[in-house]
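What follows is the residue order along each chain.
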Amino acid sequence: MESLVLKPEKLDIDYDEESDVLYISVGKPREADDSIEPQEGVVIRTRNGELVGITIVGLKNRISARR
């Protein structure tokens, strides 16, 4: 199994309210070379085995569904 390197020096968080999408980047947002979708609407992005970001689609619905 491939390991993932985590180096969370700084998180850059951006929320697009109109599209209801949360973007979390580790450091400055950068292009990924691979991504996985562990569940629908959640995308984990990596570059050279290092986590570069997470995208969550439908954040409001996910939060309200837990209440």
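Everything numeric in this text was worked out from a predicted model, so none of it was measured.

With that settled, the discussion passes to the pattern of salt bridges. Should the charged atoms of two oppositely charged side chains come close, the side chains can pair. Summed over all chains, the structure comprises 2 salt bridges. Lys-60 is the salt-bridge partner of Glu-17, the closest N and O atoms lying 3.6 Å from each other. Here Glu-17 is found in the loop between strand E1 (11–16) and strand E2 (21–26), whereas its partner Lys-60 is found in helix H1 (residues 59–65), with 43 residues between them in sequence. With relative accessibility at 55%, the residue Glu-17 sits in the exposed group.

Right, let's talk about the confidence of the model for the protein for a bit. Looking at the protein, the pLDDT average stands at 87 and 84% of residues meet or exceed 70. Here H1 stands out as the element of the protein with the lowest mean pLDDT, 85, in contrast to strand E4 (residues 42–47), whose mean of 96 is the highest.

Across the sheet, 5 strands lie side by side as E1-E2-E5-E4-E3; this open sheet has antiparallel pairing. The strands lining the two open edges of the sheet, one partner per strand, are E1 and strand E3 (34–39). Adjacent strand axes in the sheet meet at a mean angle of 15 degrees, parallel and antiparallel pairs treated alike. Where E3 meets E4, 4 bridges bridge the pair, whose relative direction is antiparallel. Looking at the pairing, Ser-35 lines up with Arg-45 of E4.

What follows concerns the side chain of Asp-20. Along the chain, the position of Asp-20 falls in the loop between E1 and E2. Comment: no salt bridge for buried Asp-20; closest opposite-charge side chain is Lys-60, at 5.4 Å. A polar side-chain atom of Asp-20 sits 2.6 Å from a polar atom in the side chain of Tyr-15. From its side chain, Asp-20 meets the backbone nitrogen of Lys-60 in a polar contact 3.1 Å long. When sequence neighbours within four positions are dropped, the list of residues in contact with Asp-20 reads Tyr-15, Ile-56, Val-57, Gly-58, Leu-59, Lys-60 and Asn-61.

About the thresholds
- Residues numbered from 1 in each chain as written.
- Predicted model: local features only at pLDDT ≥ 70, side-chain atom pairs only at ≥ 80, totals over all residues.
- Heavy atoms only, no water.
- Salt bridge = Lys/Arg side-chain N within 4 Å of Asp/Glu carboxyl O.
- Helix = DSSP H or I, 4+ residues; strand = E, 2+ residues; numbered from the N terminus.
- Buried < 20%, exposed > 50% of the residue type's maximum accessible area, 1.4 Å probe, protein only.
- pLDDT = per-residue confidence, 0-100.
- Pairing = 2+ DSSP bridges.
- Axes fitted to C-alpha atoms, helices over the stretch in contact; angles between N-to-C directions.
- Lys, Arg positive; Asp, Glu negative; His and termini not counted.
- Polar contact = N/O pair within 3.5 Å; in protein donor to acceptor, adjacent residues only side chain to side chain.
- Contact = heavy atoms within 4.5 Å.

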